[in-house]
Amino acid sequence: MLFRDDLKQKKVVQINVPHKKNMMCLNESTLDPFPILKEVFLRKMQKVHLNRYFNDISKSLLLKLSDYAGVRQENLVIGNGAD
(Lines give C-alpha, C1' and ligand atoms only; values in the text may rest on other atoms or scores of the structure.)
Protein backbone atom coordinates (compact mmCIF):
# COMPACT_ATOMS: atom_id res chain seq x y z
CA MET A 1 0.00 0.00 0.00
CA LEU A 2 1.60 3.24 -1.13
CA PHE A 3 -0.94 5.70 0.22
CA ARG A 4 -3.32 5.74 3.17
CA ASP A 5 -6.91 5.14 2.08
CA ASP A 6 -8.15 8.19 3.99
CA LEU A 7 -5.71 10.41 2.05
CA LYS A 8 -6.79 8.98 -1.30
CA GLN A 9 -10.37 10.04 -0.58
CA LYS A 10 -9.51 13.46 0.90
CA LYS A 11 -11.03 16.39 -0.95
CA VAL A 12 -9.05 19.49 -1.89
CA VAL A 13 -9.38 22.18 0.75
CA GLN A 14 -10.76 25.42 -0.65
CA ILE A 15 -9.79 28.50 1.34
CA ASN A 16 -11.90 31.54 0.71
CA VAL A 17 -9.88 34.66 1.53
CA PRO A 18 -11.59 37.95 0.67
CA HIS A 19 -9.62 39.91 -1.89
CA LYS A 20 -11.35 43.23 -1.30
CA LYS A 21 -8.18 44.66 0.17
CA ASN A 22 -4.50 43.80 0.51
CA MET A 23 -4.06 41.29 3.28
CA MET A 24 -0.78 42.29 4.92
CA CYS A 25 -1.28 39.55 7.53
CA LEU A 26 -0.94 37.04 4.67
CA ASN A 27 2.35 38.61 3.51
CA GLU A 28 0.72 40.00 0.40
CA SER A 29 2.45 42.94 -1.20
CA THR A 30 0.66 46.04 -2.38
CA LEU A 31 3.04 46.13 -5.35
CA ASP A 32 4.22 43.78 -8.07
CA PRO A 33 7.86 44.73 -7.60
CA PHE A 34 9.43 42.46 -10.18
CA PRO A 35 7.39 42.43 -13.41
CA ILE A 36 10.62 42.27 -15.42
CA LEU A 37 11.73 39.11 -13.60
CA LYS A 38 8.36 37.34 -13.73
CA GLU A 39 8.94 35.54 -17.05
CA VAL A 40 12.42 34.36 -16.05
CA PHE A 41 11.16 33.31 -12.62
CA LEU A 42 8.24 31.32 -14.03
CA ARG A 43 10.48 29.60 -16.57
CA LYS A 44 12.93 28.53 -13.84
CA MET A 45 10.12 27.41 -11.54
CA GLN A 46 8.97 24.93 -14.21
CA LYS A 47 12.07 22.88 -13.32
CA VAL A 48 11.66 23.03 -9.53
CA HIS A 49 10.22 20.04 -7.66
CA LEU A 50 8.15 21.85 -5.05
CA ASN A 51 7.51 18.68 -3.08
CA ARG A 52 11.21 18.47 -2.12
CA TYR A 53 13.40 20.54 0.16
CA PHE A 54 16.35 22.29 -1.44
CA ASN A 55 19.24 20.34 0.09
CA ASP A 56 22.00 22.64 -1.14
CA ILE A 57 20.22 25.66 0.34
CA SER A 58 19.33 23.76 3.52
CA LYS A 59 22.96 22.77 4.15
CA SER A 60 24.18 26.34 3.75
CA LEU A 61 21.35 27.67 5.92
CA LEU A 62 22.07 25.10 8.66
CA LEU A 63 25.74 26.08 8.68
CA LYS A 64 24.95 29.79 8.97
CA LEU A 65 22.27 29.26 11.62
CA SER A 66 24.49 27.01 13.72
CA ASP A 67 27.32 29.57 13.57
CA TYR A 68 24.90 32.36 14.50
CA ALA A 69 23.28 30.44 17.37
CA GLY A 70 26.50 28.83 18.59
CA VAL A 71 25.09 25.30 18.39
CA ARG A 72 25.94 22.19 16.36
CA GLN A 73 24.08 21.67 13.08
CA GLU A 74 22.70 18.38 14.42
CA ASN A 75 20.74 20.40 16.99
CA LEU A 76 18.81 22.35 14.34
CA VAL A 77 15.83 21.30 12.25
CA ILE A 78 14.56 23.15 9.18
CA GLY A 79 10.85 22.76 8.45
CA ASN A 80 8.36 24.27 6.07
CA GLY A 81 6.70 26.37 8.78
CA ALA A 82 3.16 26.54 10.05
CA ASP A 83 0.67 28.96 11.53
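Residues numbered from 1 in each chain as written. Predicted model: local features only at pLDDT ≥ 70, side-chain atom pairs only at ≥ 80, totals over all residues. Heavy atoms only, no water.

Chemist: So, the overall build of the protein: which residues are in play, and what are the values?
Modeler: When helices and strands are counted, the protein shows three helices and zero strands. Moving toward the C terminus, one meets the helices and strands of the protein in the order α-α-α. Taken over 83 residues, the protein has a buried fraction of 5%. Accessible surface, the protein: about 8,900 Å² in total, of which carbon and sulfur atoms supply 58%. (Helix = DSSP H or I, 4+ residues; strand = E, 2+ residues; numbered from the N terminus. Buried < 20%, exposed > 50% of the residue type's maximum accessible area, 1.4 Å probe, protein only. Areas by Shrake-Rupley, 256 points an atom, 1.4 Å probe, with all protein chains shown as cover.)

Chemist: How would you summarise the confidence of the model for the protein if you had to cite specific residues and measurements?
Modeler: For the protein, the average pLDDT comes to 77, and 69% of its residues sit at 70 or higher. Per-element mean pLDDT across the protein ranges from 79 in helix H1 (residues 5-8) up to 86 in helix H2 (residues 38-45). (pLDDT = per-residue confidence, 0-100.)

Chemist: Before we move on, could you go through the pattern of salt bridges and cite the residues and values that matter?
Modeler: The final tally for this structure, using the stated rule, is three salt bridges. Here Glu39 makes a salt bridge to Arg43, at a shortest N to O gap of 3.4 Å. Of the two residues, Glu39 and Arg43 are both situated in helix H2; the distance of four residues between them amounts to about one turn of the helix. Of the charged contacts in the structure, one is a salt bridge between Arg72 and Glu74, with a shortest N-O distance of 2.8 Å. Take Arg72 and Glu74: they sit in the same class, and that class is exposed. (Salt bridge = Lys/Arg side-chain N within 4 Å of Asp/Glu carboxyl O.)

Chemist: Requested: an account of a nonpolar patch on the surface, with residues and values cited.
Modeler: On the surface, Phe34, Ile36 and Leu37 cluster together into a nonpolar patch covering about 380 Å² of accessible area. Assignment of secondary structure puts Ile36 in the loop between H1 and H2. (Patch = residues over 30% accessible without salt bridge, like charges linked within 9 Å, V, L, I, M, F, W, Y side chains within 5 Å.)

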